[in-house]
Amino acid sequence: MKITFPHLGNVYFAAKALFDELGIEYVVPPLSNKEALEIGTLYSPEEICLPFKIMIGNYIKSIENGADTIIITGSCGPCRFGEYCELQMNILKKLNKNVDFIVMDVPSDIGIKEIFNRVGKISSNSSKSKKEKIKALVKALKIINMIDEIEADAHYIAGYEKNSGDSKRLLNKCKRDAINSKSADEMINILSEYKRKINFIEIDKERKPLKIAIIGEIYTIIEPFSNLYIEDKLMDYGVSSKRTLSPSWWVKNTALSPLKINSLDIKKASKRYLSLCIGGHARECVGEAVIAKNEGFDGAIQIFPMGCMPEIVSKAILPTVSKDLNIPIMSLIVDEMTGEAGYITRIEAFIDLLERRRKSVLFRS
Amino acid sequence: MYYLGVDVGSVSTDIVLLDKSLNVVEELYLKTKGRPIQVIQESFKILKSKYDDKQITASGVTGSGRNIASFLIGADAVKNEITAHAVAALNIDKEVSTIIEIGGQDSKIIILRDGIVIDFAMNTVCAAGTGSFLDRQAERLEIPIEEFGDYALRAKSTVRIAGRCAVFAESDMIHKQQLGYKQEDIIKGLCEALVRNYLNNVAKGKEIIQKVFFQGGVAANKGMKAAFENALGFEVCVPAHYNMMGAIGAAILASEAVKKDEGTKFRGFNIAQSNIIASSFECDGCPNRCEVIKLEENGIIIGCFGDRCGKHSGKIAV
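Given the structure is predicted, the values throughout are model-derived calculations rather than measurements. (Residues numbered from 1 in each chain as written. Chains lettered and ligands numbered in written order. Predicted model: local features only at pLDDT ≥ 70, side-chain atom pairs only at ≥ 80, totals over all residues. Heavy atoms only, no water.)

## Details of the packing of helix 1 (residues 11–22) of chain A against helix 8 (residues 166–179) of chain A
All names here are of chain A.
Right, on to step 1. At a closest axis distance of 10 Å, the pairing of helix 1 and helix 8 adopts a crossing angle of 20°. Our classification of the angle between helix 1 and helix 8 gives roughly parallel. For the pair helix 1 and helix 8, the crossing hand works out as left-handed. Within the contact between the two elements, helix 1 uses Tyr-12, Phe-13 and Lys-16 and helix 8 uses Lys-175, Ala-178 and Ile-179.
Right, on to step 2. Within the contact of helix 1 with helix 8, the residues separate by chemical class into four nonpolar, no polar and two charged. (Axes fitted to C-alpha atoms, helices over the stretch in contact; angles between N-to-C directions. Helix = DSSP H or I, 4+ residues; strand = E, 2+ residues; numbered from the N terminus. Parallel < 35°, antiparallel > 145°, perpendicular 65-115°, else oblique. Left-handed = near helix turned anticlockwise from the far one by under 90°. Contact = heavy atoms within 4.5 Å. Nonpolar A, V, L, I, M, F, W, Y, C, P; charged D, E, K, R; others polar.)

This is the structure in structure tokens:
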């Protein structure tokens, strides 16, 4: 068995460490790029959302590199993501790709027995003891938390750094070093080192950078290729950005959801505007917009793939939030376009708008 | 003493020269035709015969081709179209509260209050209702685009055209024309469909209050202006240099920028004679596989852009 998985932000760090520890063969697909998108659009249903297409591209590249088993998360929620696994299995079958799918889902949807059955399918390929397997999982969780934290720090510090580009440079180097590690322990050491280093970036505390919250559909805000690297761009502009949704957030949220104590702050914040889960992360999107205002952010950017049902609903709610709370919110819809000119125009104009609202006109070129 | 403003748009490239008191003294409107570099060179050739490099004290660029243009001409201000349009409109009238701007590929709404942009929106994934679509329809009907609006004004009644998607709008138009509806009525229907689409899509949830400026190339279309006035129920104002507003804004922003910096970065009109070659290649340094654009002037690289890490453009973090 040679396992692969679709990209979702920093997940590949944790996955690499986990399979390294378990001694299971795996293929990390090349980072999502135009080629993945091209392959994906060729084989996917035309109307399906962008994440589906990029994921298909990831699979095909991995299969070319010998992968025969695909792990993805499932969902029985009301958004199209719930159909991804079935449709994707179907597509790969039609392409004569002989691969197994292992779909991980929450116990409330598929039952605890089925979960053990599916986890067993993976872990039976490992010769390690039960204790070692649990240790491996703990390490992987630690890694995803660490890398997400480092990334979040870098995005935030970018607004305060004295030498522009410091935090971006450090973040990029951190990722390069971490992915070249040979074991989970080595990766944890590297990440700890960078977690320390990021605190040494020279910052100017007097600066009052613009602060923008990134909200919207989880895949398109986490997977940088799909949103044309918006967070990198904001770092270049010297804007502090914050994104609540991340793989580590998802793990925590999913783990706490059976007890209904997940993301209480978001639920509370969104209550006035959207009190129900309507699928995807629409409620989170609205809640985060409210929280962004409360935390003193200057604005929020909502990103979602074209045709995303939950986010269309939140897009319709956000203008009211924006008006009530006096916080500018811009919606960006991503699809197959990789031409960035129009996209950059919108981001720059939004930054201009926020700056002028502060009545301090800065000229950036 | 002139301020140069260049707006490299998808359909047209507009160039203006403003005098010290920000009045337009020269305007050039050329079709971009997908060749932004050559068009800038062409226009500089025209300007060179009338003006001297030293007379240009600031230069600003905007439009979707602003990146390439800034390397080429040496710009003091490189700004997005939204800010540029807002600045230009405010320069004419401080009271403007809404700007409807429809260009070749984009349509935008800019909401201003007390002279500050407080909100804006642009068309998202669909280009229906923009200038290039109107261009294409005019071409198909063999009506000069300049007269397109007059046709709409001559219409006695309206034919309903589906305006949500350019492709479907075109089919709808063809179907109705085959049924024998009058051309004028169909064109009026098209204008109304585009306005409906604009108000329901780009301007969704935005409060449009007077004074409204209608600018961008499409503002030349009287049929569109009438359709907007009809839908909004009040007057829509088309400024004198409606199709130059981006360039005017860029020139004004440049004039402000040179006040802070020392001197202009303007490289002179001589680039009109230079041999400029833009080439692109796919960088294989990492899986991002950026399409990098390289700009060479007489064999010397004057700029690289399009790479995400800065390996080629060399400006930011690697």
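The discussion continues.
## Points about the domain arrangement of chain A
Residues and elements named next belong to chain A.
Right, on to step 1. According to the domain assignment, chain A consists of domain 1 (2–126), domain 2 (129–157 + 160–208) and domain 3 (210–365).
Right, on to step 2. Computed from C-alpha coordinates alone, the two centres of domain 2 and domain 3 are separated by 23 Å.
Right, on to step 3. Facing the 14 residues of domain 2 at the interface are 17 residues of domain 3.
Right, on to step 4. In total, about 1,300 Å² of surface goes out of reach between domain 2 and domain 3, with carbon and sulfur atoms giving 50% of it.
Right, on to step 5. It is His-155, Tyr-156 and Lys-168 in domain 2 that bury the most area against domain 3; as a group they hold 47% of the surface buried on that side.
Right, on to step 6. Across the domain 2-domain 3 interface, the total number found is two salt bridges.
Right, on to step 7. Where domain 2 meets domain 3, there are eight residue pairs in polar contact (both at pLDDT 80 or more).
Right, on to step 8. Of all the elements in the fold, those that place two or more residues in the side of domain 2 that touches domain 3 are helix 7 (130–157) and helix 8. (Domains from an automatic or database assignment. Buried area = accessible area lost by both parts, 1.4 Å probe. Salt bridge = Lys/Arg side-chain N within 4 Å of Asp/Glu carboxyl O. Polar contact = N/O pair within 3.5 Å; in protein donor to acceptor, adjacent residues only side chain to side chain.)

## Observations regarding the state of the cysteines
Residue and element names in this part refer to chain B.
Right, on to step 1. This structure, assessed with the given rule, holds zero disulfides over all chains.
Right, on to step 2. The cysteine Cys-237 is free of any disulfide, with Cys-191 supplying the nearest cysteine sulfur at 19 Å.
Right, on to step 3. On the accessibility criterion, Cys-237 (23% relative accessible area) is partly exposed. (Disulfide = S-S within 2.5 Å. Buried < 20%, exposed > 50% of the residue type's maximum accessible area, 1.4 Å probe, protein only.)

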